[in-house]
Amino acid sequence: MSNTPMAASPLTRAVLEIDEYVSGLGWDQPARLFALVDTVQLRTQEPALAAQLGLEAESETAGLTPIEQDELPSGKPLDDFLGTIAWPDAVAGCALSVERLMLPPSAEAQVPQNLSEAKLTKWVAQHPERQEVRMTVAVLRDGSRESAIRLREKDTPTEVLTGPDLVPGLAEALTATFAD
């Protein structure tokens, strides 16, 4: 958490920690899924895992530890995959980091009507105002949410935008993974 503000909430710190980790891997990465576990509970209940993650010496009394999950299946739409996830009780929340192409709101009026998903994707990829972004979205069981967005053209830790409602659709999909 070298660039993470300590005054931020535990969820914001976890999102920024994940963003920093994924950023260190470079761009053009597959989507990455993380379980968020209570750090104190992890140190108490799984001391060997906490030691492996370098958490045994941390003095933090409240926080979340992101634990990367297995690679997401290729060829399966993300929303379909998210619909198959069920988390054990020890998982306090989850996060997903994914890269996408986005257009500014000013380009919405230019979108051709009645395009298939494949043709729309191609149209966006060829649009001169497209932006490559990495979105990291995290949610907790209680409904709390946080997001971090990083533009490829402004790829520095000081240019990461954070907020709870930046990617509401993805936050809702992640929240649904905790539904009974």
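What comes next is a walk through the structure. Just so we're clear, the structure is a prediction, and the values are computed from it rather than from any experiment.

Further remarks concern the packing of aromatic side chains. Evaluation of the coordinates by the stated rule reveals two aromatic pairs. When the ring of Tyr-21 is compared with that of Phe-34, the centres are 6.1 Å apart and the planes differ by 90 degrees; the resulting orientation is edge-to-face. Note that Tyr-21 is positioned in helix H1 (residues 10-24) and Phe-34 in strand E1 (residues 32-38), a separation of 13 residues in sequence. The class for Phe-34 is buried, based on a relative accessible area of 3%. Taken together, a centroid distance of 6.1 Å and an interplanar angle of 20 degrees make the contact between Trp-87 and Phe-178 stacked. On the criterion of sequence distance, the pair formed by Trp-87 in the loop between helix H4 (78-82) and strand E3 (93-102) and Phe-178 in the segment after helix H6 (168-176) is long-range, its members being 91 residues apart. Exposure class is identical for Trp-87 and Phe-178. Each is buried.

Turning our eyes to something else, we now look at the side chain of Ser-23. When you line up the elements, Ser-23 lands in helix H1. Within the structure, the side chain of Ser-23 is placed 3.3 Å from the side chain of Arg-150, a separation counted as a polar contact. Discounting chain neighbours no more than four positions away, the residues touching Ser-23 are Arg-134, Arg-150 and Asp-155.

Conventions we followed
- Residues numbered from 1 in each chain as written.
- Predicted model: local features only at pLDDT ≥ 70, side-chain atom pairs only at ≥ 80, totals over all residues.
- Heavy atoms only, no water.
- Phe/Tyr/Trp six-rings, centres within 6.5 Å; stacked < 30°, edge-to-face > 60°.
- Helix = DSSP H or I, 4+ residues; strand = E, 2+ residues; numbered from the N terminus.
- Buried < 20%, exposed > 50% of the residue type's maximum accessible area, 1.4 Å probe, protein only.
- Polar contact = N/O pair within 3.5 Å; in protein donor to acceptor, adjacent residues only side chain to side chain.
- Contact = heavy atoms within 4.5 Å.

That's the geometry; what it means functionally is another story.
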